[in-house]
Amino acid sequence: MIEIRFHGRGGQGAVTSAELLALAAIEEGKFAQAFPSFGPERRGAPVLAFCRISNEPIKIRANIYEPDLVVVLDASLLKIVNVAAGLKPDGILVTTSNEVPEKIKKDLKIRNRLGVVDAVKIAREVLGLPITNTTMLGSLVKASGLVKKESFISPLKERFGRIAEKNISAFERAYQETVLIQ
């Protein structure tokens, strides 16, 4: 089983990201679950969302404390939340940032693999809004290979309807522009 934790802010789409990832995995015949973890937070407050993907039925229903992957939808969280907490030694952290990956890795004091993309820039240019959820999914797929890119087409079309093509473009562009370092 692969466990993924998403860090975002209310309204940025962390919950939607987890749900879309689960739907893409299900498209491939895998088992998946996605769920949020938040209380009375307001728009803009830090939130968590989780996703599990497995080839076997998933029976656990708890938060994820030792993720295989961490996805950060808002670079400001890198400075105020320990996003790498519990990340497995062979895990991958994927984040949006306009800083060089080596600096992020040094600032976070991690030895894990790191994927970085300027998802805010891509989202603004492609979607017209700084909402990074589908953009970061492209980066996640590039960094992890967890699911195929094609598996997102149907879930993105169902979720976003008439603006699906823009979200697919943002996803694809982030996939292409993600920088990975060991």
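Residues numbered from 1 in each chain as written. Predicted model: local features only at pLDDT ≥ 70, side-chain atom pairs only at ≥ 80, totals over all residues. Heavy atoms only, no water.

Topic: the pattern of salt bridges
Charged atoms that come close allow side chains of opposite charge to pair. The final tally for this structure, using the stated rule, is 11 salt bridges. In this structure, the salt-bridge partner of Asp68 is Lys88, at a minimum N-O distance of 3.2 Å. On the criterion of sequence distance, the pair formed by Asp68 in the loop between strand E3 (46–54) and strand E4 (69–72) and Lys88 in the loop between helix H2 (77–80) and strand E5 (92–96) is long-range, its members being 20 residues apart. By relative accessible area, which is 14% here, Asp68 ends up buried. (Salt bridge = Lys/Arg side-chain N within 4 Å of Asp/Glu carboxyl O. Helix = DSSP H or I, 4+ residues; strand = E, 2+ residues; numbered from the N terminus. Buried < 20%, exposed > 50% of the residue type's maximum accessible area, 1.4 Å probe, protein only.)

Observations concerning the pairing of E3
Within a regular beta strand, the side chains point alternately toward one face of the sheet and then the other, so they alternate between its two faces. The element E3 is extensively covered by neighbouring structure, given that seven of its nine residues are classed as buried. Inspection of the sheet shows strand E1 (residues 2–9) paired to E3 by eight bridges, in the antiparallel sense. Following the sheet pairing, Ile4 is matched in E3 by Cys51. Pairing of strand E2 (residues 31–37) with E3 involves seven bridges; the strand directions are antiparallel. Residue pairing in the sheet places Phe35 in a bridge with Phe50 of E3. (Pairing = 2+ DSSP bridges.)

Concerning the packing of aromatic side chains
How two aromatic rings sit relative to each other is set out by the distance from centre to centre and by the angle between their planes. A full pass over the atoms with the stated rule returns two aromatic pairs. Seen in terms of ring centroids, Phe35 and Phe50 are 5.2 Å apart; in terms of plane orientation they differ by 35 degrees. Their pairing is tilted. Here the residue Phe35 occupies a position in strand E2, and Phe50 occupies one in strand E3, the gap between them amounting to 15 residues. Residue Phe35 shares its accessibility class with Phe50, and that shared class is buried. Where Phe152 meets Phe171, the ring centres are 4.9 Å apart and the plane angle is 45 degrees; that geometry is what we call tilted. Of the two residues, Phe152 sits in the loop between helix H5 (133–144) and helix H6 (153–160) while Phe171 sits in helix H7 (residues 164–177), which places them 19 residues apart along the sequence. (Phe/Tyr/Trp six-rings, centres within 6.5 Å; stacked < 30°, edge-to-face > 60°.)

Topic: unusual backbone geometry
You will see that Lys109, though not glycine, has its phi angle at about 55 degrees, which is positive. Secondary-structure assignment places Lys109 in the loop between helix H3 (101–108) and strand E6 (113–117). The class for Lys109 is exposed, based on a relative accessible area of 75%.

Regarding the sheet that holds E5
Spatially, E2-E3-E1-E4-E5-E6-E7 is the arrangement adopted by the seven strands of the open sheet, whose pairing is mixed. Each having just a single partner strand, E2 and strand E7 (179–181) make up the two edges of the open sheet. On average, each strand axis in the sheet is tilted by 15 degrees relative to the strand beside it, whichever way the strands run. Here H3 sits on the sheet in contact with E5, E6 and E7, set at roughly 125 degrees to E6. This element, H5, spans E1, E4, E5, E6 and E7 of the sheet and lies at about 150 degrees to E5. (Axes fitted to C-alpha atoms, helices over the stretch in contact; angles between N-to-C directions. Contact = heavy atoms within 4.5 Å.)

Things to note about the nonpolar core
Counting 38 residues, the largest nonpolar core has Ile4, Phe6, Leu21 and Phe152 as its most contacted members. With seven residues, the top contributor of residues to this core is helix H1 (residues 14–27). For Ile4, the contacting residues outside a window of four places in its chain are Leu21, Ala49, Phe50, Cys51, Ile53, Ile64, Leu69, Val71 and Leu146. Residues Leu77, Ala84, Val116 and Ile181 belong to the second largest nonpolar core, which totals 14 residues. (Core = buried A, V, L, I, M, F, W, Y, C linked by side-chain atoms within 4.5 Å.)

Here's the deal with H1
Compared with an ideal rise of 1.5 Å per residue, which puts 14 residues at 20 Å, H1 spans 20 Å between its outermost C-alpha atoms and is within 8% of the ideal. Three or more residues of H1 are buried, namely Ala14, Thr16, Ser17, Ala18, Leu20, Leu21, Ala22, Ala24 and Ala25. In this structure, the buried residues of H1 make contact with E1, E2, E3, H5 and H6. Where H1 terminates, the next one or two residues include Gly29, which has phi positive at roughly 85 degrees. (Expected span 1.5 Å × (residues − 1).)

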